[in-house]
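Here is how the chains run, residue by residue.
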Amino acid sequence: MAADWIVFWVCAPISIGSAIAMLLQRNAVHAALFLIVNLFTVAVLYLVLGAPFLFAVQIIVYAGAIMVLFLFVIMLLGVDREERLVERLRGQRTAAILLGLGVVGEVVFAIRAGVGFSTRAPAGFGAANGGGNPQALGRLLFRAYFLPFEVTSILLMVAAVAAMVLARRRERPVASAERRAQEPIEPSEPSEPSEPREEEPVG
Amino acid sequence: MLGQFLSHPPVELGPIGPELVLAGAGVLVLLGGALVRRRQPRALLLASLAGLTGAAVVSVSLWRWRGHATVLGGMVQADRFAVVARLILLGVAALALVLGHHYFERLGEERPEFYPLVLFTTLGMTLITAAADLILVFLALEILSLSLYVLTALSRRLAAVEGSMKYFLLGAFSSAFFLYGVAMAYGATGSTHLSTIARSLAGQTGNQALALAAVALLVIGFGFKVAAVPFHMWTPDVYQGAPTAVTAYMSAATKVAAFAAFLRVLMTSFQPLTWDWTPIVWGLAVATMIVGSVLAIAQTDIKRMLAYSSIAHAGFVLVGVSAATQEGIQSALFYLLAYAATILGAFGVVMLASGRGEEHTSLGSYAGLCRRSPLLAGLMSLFLLSMAGIPPTAGFIAKVNVFRAAVDAGHWGVALVGVLASVVAAFFYIRVMVLMYMQEPLEDVEPDPSIVPRLAVAVPALLTLLFGVFPGLVLGLLERASVLRW
């Protein structure tokens, strides 16, 4: 018990502090780094709560993969880009604060109505986690939900193809590009003067 | 210890055989399009058609499935309803592939992604017809929606991109509704299995209020997909903006798939609440038939007109759904079959008649089409007659069946509105025929002279006539397929 207590009181302030620090950062990279700290401490809290699988997933997926993606996007857009912090819609800030408070109230109410603020595990928790938490999740994922799990992989593949199709630059028809390559180059008269020259797509 | 982990419940892959074949074909065609240096669209087309044929063969073999009714942890239902819906979808996909191949070839654009995307869309659609769990329904719905958003934007016209964007935003919105409905159903009954939900609701053990909220939200989600009024806003823009071959595909196939899932969810899991959801479906049916038919009159673009017409047709299928009987399921299935053949053929003719790309789709360019291409004008007239519900076409039999099912179930009013709406609708179908036959050509549009896409359009035309004259050929099969168990 004591160990739990210590770990919690070490991690919880860091978690909240890093979250606030992330919001207050002007530099996007610094904000992202604070977010990593936050995700790590929340992962430790999961471990304390007896959810080792969630702990691992939180670190691998969120602190790992998704953060890399975040940083990648930030770098892609330009690290030194300044966001203007002027609200575009009038009353946006007030509405955001009110709605945020609303969500907090909703969560408190939902927890109160659901499991309550007790420290006991909800009913059936032990049975559902029989043989260990990751094992129980694995059984669910690869037995009862085997097919949805596999179907999700097809969904992700379609999403990847979709992103590629939509993001690709406009390309010239292959046939005409080849013909152009075979034609003798006439520097004085470009074949399509009206079309702005874009980079040739690779491959 | 190891044995404990390796032991697994029996895996019966038979009932998802068509999907396995489609997934394999989709991946192969995707790789073929990406890796082969000199891309051969024709080879990709043939490989895709082979995949569809394989899936169809496996589907047919499932007609006599002797194994468990539900397999893979109760996720997939192996019944004849799914077999019939799959066969319709596979046929639509095959014809659409031929049309799309021709469309992009004539446009001079190379789109090797078209083929795998159609295969994956078809996979999502066939899977949704057999899904016996709301989670799987949702995943299949997402596969088909995601592929359709991209297929819409496959040509880089501004209208296509705009349509795709609208489709995506509204589609994502409707998915949220659907998912919320699934959550409500789980909250009401503690399960997402269609049969468990039904048992729990029948035994009065579930939370009725949550179950009703679930029905409402799921109806909204499906309403978006089948384009029922008031959830139809995206349809005209998307159908008009998308490449015509893609429009042909999605107008026919999406409706079949979404209605198959709609029927299964309402008639199995929410069957104990039939008295509560039939009024909702009536309301949708009436609004959809009236709004679709009336707004179609005001259109000046043939693709937009057909889009509104497809909205009206969703209303007629909803009439069959609202009957909530086996006869209703059968009539809805027949309507979907007739509708799929007709709308696919109609958009196919539009693709051929408007020359290259999307330049000539205004109604004015159909003036005097019979001079330039008597064959296309004839085919178009046949499809228009079928949509108007005039014998001897499949559309007539379909409408009669749907109305009879509604009347037999005691819903006189809906059937009456349906008849009135089809009279209104007949006006704008006939108007196009008048344009084609009785007016001088205004624009000098040269119709596409190719043979192969003409054959692809002739197939649905033949089916439209065949089912109109000899509906008994399929009605018996459909009757045996329209049993939904739980």
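### Looking at the interface of chain A and chain B
Contacts between chain A and chain B engage 23 residues on the former and 34 residues on the latter. Counting the surface lost from both chain A and chain B, the interface buries some 2,500 Å², and carbon and sulfur atoms represent 73% of this. On inspection of chain A and its partner chain B, the count reaches 0 salt bridges. Remark: the boundary between chain A and chain B carries 0 residue pairs in polar contact (both at pLDDT 80 or more). Listed by contribution, the elements that provide at least two residues to the side of chain A that touches chain B are helix H6 (133-144), helix H7 (146-167) and helix H8 (174-182) of chain A. Considering every element that reaches the side of chain A that touches chain B, the biggest residue donor is H7(A), with 14 residues. For the side of chain A that touches chain B, a count of residues per class yields 17 nonpolar, 2 polar and 4 charged.

### Topic: unusual backbone geometry
Residue and element names in this part refer to chain B. The omega torsion across Val229 and Pro230 is 5°, close enough to zero to call that bond cis. If you trace the backbone, Pro230 turns up in the loop between helix H9 (208-226) and helix H10 (234-241). In this model, Leu72 sits at a positive phi of 55°, which is unusual for a non-glycine residue. Phi at Ala324 is positive, roughly 60°, even though this residue is not glycine. Mapped onto the fold, Ala324 is located in the loop between helix H13 (302-323) and helix H14 (326-353).

### Comments concerning the confidence of the model for chain A
Where the model shows low pLDDT, its predicted coordinates should not be examined in detail. Overall, the predicted model of chain A reaches an average pLDDT of 78, with 75% of residues at or above 70. Note on residues 172-203 of chain A: pLDDT is under 50 here. Beyond four places in sequence and across chains, it has 16 contacts.

### Description of the packing of aromatic side chains
Residues and elements named next belong to chain B. In the structure shown here, the tally under the stated rule is 21 aromatic pairs over all chains. On the basis of an interplanar angle of 85° and a centroid distance of 5.2 Å, the ring pair of Tyr103 and Phe104 is categorised as edge-to-face. Judged by relative accessible area, which is 5%, Tyr103 ranks as buried. Among the residues examined, Phe104 registers a relative accessible area of 4% and is labelled buried. Arranged with centres 5.2 Å apart and planes meeting at 85°, the rings of Phe178 and Phe222 form a pair that is edge-to-face.

### A word on the environment of Leu273(B)
Residues and elements named next belong to chain B. Tracing the sequence through the fold places Leu273 in the loop between helix H11 (244-269) and helix H12 (274-297). Separated by 61 residues in the primary sequence, Leu273 and Leu212 have C-alpha atoms spaced 8.1 Å apart. Excluding residues within four positions of it along the chain, Leu273 makes contact with Leu201, Gln208, Ala211, Leu212 and Val215.

### Some points on the side chain of His101(B)
All names here are of chain B. Among the secondary structure elements, His101 is positioned in helix H4 (residues 80-107). A residue is classified by how much of its surface remains accessible, and His101, at 8% relative accessible area, is buried. Other than its neighbours up to four places away in sequence, His101 contacts Pro41, Arg42, Leu45, Phe114 and Tyr115.

### Quick notes on H14(B)
Because each turn of an α-helix spans 3.6 residues, side chains separated by three or four positions in sequence point in the same direction. All names here are of chain B. With 28 residues, H14 extends 40 Å from end C-alpha to end C-alpha; this agrees with the ideal 40 Å at 1.5 Å per step. Among the 28 residues that make up H14, 26 are buried, leaving the element largely enclosed by the rest of the structure. Looking at the residues trailing H14, positive phi occurs at Gly355, about 70°.

Rules used throughout
- Residues numbered from 1 in each chain as written.
- Chains lettered and ligands numbered in written order.
- Predicted model: local features only at pLDDT ≥ 70, side-chain atom pairs only at ≥ 80, totals over all residues.
- Heavy atoms only, no water.
- Contact = heavy atoms within 4.5 Å.
- Buried area = accessible area lost by both parts, 1.4 Å probe.
- Salt bridge = Lys/Arg side-chain N within 4 Å of Asp/Glu carboxyl O.
- Polar contact = N/O pair within 3.5 Å; in protein donor to acceptor, adjacent residues only side chain to side chain.
- Helix = DSSP H or I, 4+ residues; strand = E, 2+ residues; numbered from the N terminus.
- Nonpolar A, V, L, I, M, F, W, Y, C, P; charged D, E, K, R; others polar.
- pLDDT = per-residue confidence, 0-100.
- Phe/Tyr/Trp six-rings, centres within 6.5 Å; stacked < 30°, edge-to-face > 60°.
- Buried < 20%, exposed > 50% of the residue type's maximum accessible area, 1.4 Å probe, protein only.
- Expected span 1.5 Å × (residues − 1).

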